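Fold and contact review
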Amino acid sequence: MERKDYVALLQECYAYGREIAPLVRWQTDLLILGAGVAGVYAALWAEAQGATTLVVSKDPLPSGSTPWAQGGVAFPVDEADVEAHLRDTLQAGRGLVEEKVARSIVEEAPLHLERLLRWGLPFHPQPVREGGHSQARVRHLGGDRSGLWLLRGLLARLNRLPLQGYTALSFLLAGDRVAGALLLGPEGPVEVRAGAVLLATGGFGSLFPVSTAPSGATGDGMVLAWRAGAILRDLEFVQFHPTALPNGALVSEAVRGEGAVLLNAFGERFMPRYAERGELAPRDVVARAVFWEREQTGGTYLDLRVVEHLEERFPTVVASARALGLDPTKDLLPVVPAAHYVMGGIRTDAFGFTGLPGLYAAGEVASTGLHGANRLASNSLLEGLGYGQAGCFGCLARLGRGELRPATAKATRSGGISLHRAGSEAASWGSFGRCARGNTAAGFSGLCQGTSPAGKALGQPGRG
Ligand code: SIN
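Now for a quick tour of the structure. What you are looking at is a predicted structure, and each value in this text was computed from that prediction instead of being measured.

**Thoughts on the overall build of the chain**
Counting secondary structure elements, the chain contains 15 helices and 19 strands. Counting only residues that meet the buried cut, the chain has 61% of its 464 residues in that class. Within the chain, residue pairs in contact and separated by at least 24 positions form 69% of the contacts whose partners lie at least 6 positions apart. Of the roughly 18,100 Å² of accessible surface on the chain, 53% is carried by carbon and sulfur atoms.

Here it is in structure tokens:
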């Protein structure tokens, strides 16, 4: 029996209430399902807190959509740019972004960049511009291999690498609490008992015939959570990237930031007819335009011949084109819209809490409110960092106080975050909340010197 059929069989057994006897039983504080940016960043924080942490990946590492991300991470370039980054995020999201969520993510972004640079991740010093951004603020690593380099850099810091080849079949429930998961691993069914579970299993892009997502992006985490009673929202908001090769290989919109233009089958540049920003309009606008031009003229092409240092800066794009027998330094590339990113997912609060005790979610699997109906380019890795960390702290708060309800948080413009929990816990976590969301130099240094769990983690040599 093939593995996928075995998984389906076991899931059926569960759906009909059949018990499956696991071969192996493990115990951990925190079980993280998925080893993309959100899962691995969360694991780093959890390890730094001394929590036993098990990360599992369905596919071989580096897995998930993160290593496929060509565009980098959107960080405001300076304090003045925070408002502009926020505005671009709100505008791209078509009125459905939760402003408080977006503000806290964007305000915190420089802290992540600072930390990643300190960890030695080789971000290019010059930000680039992508669609929907009013200025160049996207930081790349390794040219267009940003996601891969970021993930490798994070994986290299883990004490314990994620286990590969483990598919989650179901959650273990203790009353109404998620208390672990039943996995199918290479050795057969494995029961993992955990104080908290963080889902970071990604989206479902690969269900579409033309998609930029890896084949493992099948929405498993959303289904698991939904079966257990979590709320899924906005699943209809699937973002189509305007420029994929016909086989789904992504052509980063950063090439348009560097001057590449879109042409129809008559050789006409059409984007200025659709939007003032032309090729750098938000992604949904460009994707619709590409769709219409294909319908009306029979084809759409990307002209990359004007992009300087193309091979050096966009090695993945060049390799994908060459694999189809095209030379992007000479040939126009045929491009189509392709399913790229799921904005909806498991509804969470500011600590990734799903509403099911013990279950947290971060990354593409979650619907945090950051993206609204349409994600701004390169905000996804940023969200993976922000909510990987926040989700980890949500889980750790739960682990620290067995009987306490998970954190709920309210971000405010000036006061950062308020935690609505019992007094002692609020005392322990209050400074984390204020500093982490406050995002000021003073707040950050206060956090590092403070006594909160987050502060201790940041203050640890080699971890801060
Ligand atoms: C791209 O490089 O065009 C994709 C970036 C993203 O999905 O944010």
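**Notes on the site of the ligand**
The environment of the ligand is formed by Gln-70, Gly-71, His-241, Ser-252, Glu-253, Arg-283, His-340, Arg-375, Ala-377 and Ser-378. For the ligand, whose accessible area on its own is 260 Å², the fraction buried by protein is 96%. Residues that form the shell around the ligand fall into these classes: 1 nonpolar, 6 polar and 3 charged.

**Observations regarding the sheet that holds strand β11 (residues 261-264)**
On the basis of which strands lie adjacent, the open sheet formed by 3 strands has the order β11-β12-β13 and antiparallel pairing. Bordering the open sheet on either side are β11 and β13 (333-334), each of which pairs with just one other strand. Bridge count for strand β12 (residues 300-303) against β13 is 2 bridges, and the pairing is antiparallel. By the bridge assignment for β13, Leu-302 is matched with Leu-333. Lying on the sheet, helix α9 (residues 283-297) is in contact with β11 and β12; it crosses β11 at an angle near 25°.

**Let's talk about the packing of aromatic side chains**
Tallied over the entire structure, the rule returns 9 aromatic pairs. Between Phe-353 and Tyr-360, the ring centres sit 5.5 Å apart and the planes meet at 45°, which makes this aromatic pair tilted. Each member of the pair, Phe-353 together with Tyr-360, is buried. Grouped by ring-pair contacts, the aromatic residues Tyr-41, Trp-45, Trp-119 and Phe-393 constitute a single cluster.

**A closer look at unusual backbone geometry**
Across the junction of Leu-61 and Pro-62, the peptide omega takes the value -5°, indicating a cis bond. Backbone geometry places His-309, a non-glycine residue, at a positive phi of 50°. For His-309, the position within the fold is in the loop between β12 and α10 (310-313). For Ser-378, which is not glycine, the phi dihedral falls at a positive 65°. Classification of Ser-378 as buried rests on a relative accessible area of 5%.

**Structural notes on the sheet that holds strand β17 (residues 366-367)**
Strand order across the open sheet formed by 3 strands is β9-β15-β17, with mixed pairing between neighbours. Across the chains shown, the open sheet's two edge strands, defined by having one partner strand only, are β9 (232-233) and β17. When strand β15 (residues 345-347) meets β17, the two strands line up parallel, connected through 2 bridges. Of the residues in β17, the one forming a bridge with Ile-346 is Ala-366. Helix α6 (residues 220-228) rests against β9 and β15 of the sheet, and its axis sits at about 40° to β15.

**Some words on the packing of helix α2 (residues 37-48) against helix α5 (residues 146-155)**
Helix-helix packing is described using two parameters, namely the angle between the two axes and the distance between the axes. One can describe the packing of α2 onto α5 by two numbers: an axis separation of 10 Å at closest approach and a directional angle of 25°. In terms of orientation, α2 lies roughly parallel with respect to α5. Here α2 and α5 pass one another in a crossing that is left-handed. Residues Val-37, Val-40, Tyr-41 and Leu-44 of α2 form the contact with α5, whose own contacting residues are Leu-150, Leu-151, Leu-154 and Leu-155. Of the residues assigned to the contact of α2 with α5, the class counts are 8 nonpolar, no polar and no charged.

Criteria and thresholds
Residues numbered from 1 in each chain as written. Predicted model: local features only at pLDDT ≥ 70, side-chain atom pairs only at ≥ 80, totals over all residues. Heavy atoms only, no water. Helix = DSSP H or I, 4+ residues; strand = E, 2+ residues; numbered from the N terminus. Buried < 20%, exposed > 50% of the residue type's maximum accessible area, 1.4 Å probe, protein only. Contact = heavy atoms within 4.5 Å. Areas by Shrake-Rupley, 256 points an atom, 1.4 Å probe, with all protein chains shown as cover. Near = heavy atom within 4 Å. Nonpolar A, V, L, I, M, F, W, Y, C, P; charged D, E, K, R; others polar. Pairing = 2+ DSSP bridges. Axes fitted to C-alpha atoms, helices over the stretch in contact; angles between N-to-C directions. Phe/Tyr/Trp six-rings, centres within 6.5 Å; stacked < 30°, edge-to-face > 60°. Parallel < 35°, antiparallel > 145°, perpendicular 65-115°, else oblique. Left-handed = near helix turned anticlockwise from the far one by under 90°.

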